[in-house]
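# Fold and geometry: a report
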Amino acid sequence: HRSGSTLPSGNSAVTWNGLASNAPFIRTGDVTLTVSEQDFRNFPVDDLTPAVNFVAPGSRPFIRALNVDWHDVYIQQWNVFLERGLSRDLVVKTGYVGNHAVGLQRVVPFNSPPPGAGTVQSRRPFQDIGNVDMSRNDGHSSYHGLELQAEKRYARGLSFLTAYTWSRTIDNLSILDWWFGSNNRGLSLLHVGHRYSFAGVWEVPYGRGKAFGSGLPAAANAILGGWQLSGILVFRTGFPLFTTTTG
């Protein structure tokens, strides 16, 4: 199955007026040409090249294609948690979070040359054109995560919230190997395996009514008393690193 529109047959003239963004081909410039070939493999480059001044003779155009069989993204989400109070102001929680998405957009370079001898252009499946980036929405992703959390509600001058997540995000949006890896499923570019966070507030026990400095004069207490310290701390692993080569 080949997605996209076919070109008109016969010797009828086709005028590309204002159709630069018309799916499945996206190009810049208006040109009138005669099309007599429907086969994508024999795209009329020779008719197109002289009429567009930014395309050098003998070059091969770069094409952006859009799959006309487009549909909306579909996402499923689920989770389950257990929560327990350890004291009047301390609660711990643990749970599992997951989701699955289908219909994600991805770009497939289906005119990429396979490894071998010869020039890049001579090894392309369609040698009359250059790179072809086909936007399709057949991508999918999955997420599974274990979450641990502890929360201390404000009491005796202290409150905090701390959490840890151990997760894995997998998708097929990154083309790992177009010719020898039909299954491009792997770690997502958004994958963060480990994440720890801590946020807390501590009321400094100094000033009137506190453990220290309870006898401060009113003027001194207005300056030295009633202070709080708060902060947020986050540790996480980095995003995946991919190495690529061209040619």
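Everything in this summary refers to the structure shown in the same document. None of these values were measured; they are calculated from a predicted model.

## With respect to the side chain of Ser197
- Structurally, the position occupied by Ser197 is in strand 9 (residues 194–203).
- Every residue in contact with Ser197, bar those within four places of it in the chain, is listed here: Leu161, Thr162, Ala163, Leu233 and Val234.

## Thoughts on the side chain of Asp89
- Within the fold, Asp89 resides in the loop between strand 4 (74–85) and strand 5 (90–108).
- Among the polar contacts made by the side chain of Asp89, one reaches the side chain of Lys152 at a distance of 3.4 Å.
- The contact partners of Asp89, leaving out residues within four places of it in the chain, are Glu151, Lys152, Arg153, Ala155 and Arg156.

## Some thoughts on the packing of aromatic side chains
- A full pass over the atoms with the stated rule returns 1 aromatic pair.
- With a centroid separation of 5.8 Å and 25° between ring planes, the pair formed by Phe160 and Phe198 is classed as stacked. In this pair, Phe160 is assigned in strand 7 (residues 158–171) and Phe198 in strand 9, connecting sequence segments 38 residues apart.
- Note on Phe198: relative accessible area 31%, which makes it partly exposed.
- The ring of Phe81 carries the charged tip of Lys93 above its face, separated from the ring centre by 5.3 Å.

## So, the environment of Val132
- Looking at where Val132 falls in the secondary structure, it is placed in strand 6 (residues 132–155).
- Overall, the relative accessible area of 2% leaves Val132 in the buried class.

Cut-offs used in this document
Residues numbered from 1 in each chain as written. Predicted model: local features only at pLDDT ≥ 70, side-chain atom pairs only at ≥ 80, totals over all residues. Heavy atoms only, no water. Helix = DSSP H or I, 4+ residues; strand = E, 2+ residues; numbered from the N terminus. Contact = heavy atoms within 4.5 Å. Polar contact = N/O pair within 3.5 Å; in protein donor to acceptor, adjacent residues only side chain to side chain. Phe/Tyr/Trp six-rings, centres within 6.5 Å; stacked < 30°, edge-to-face > 60°. Buried < 20%, exposed > 50% of the residue type's maximum accessible area, 1.4 Å probe, protein only. Lys NZ or Arg CZ within 6 Å of the ring centre and 35° of its normal.

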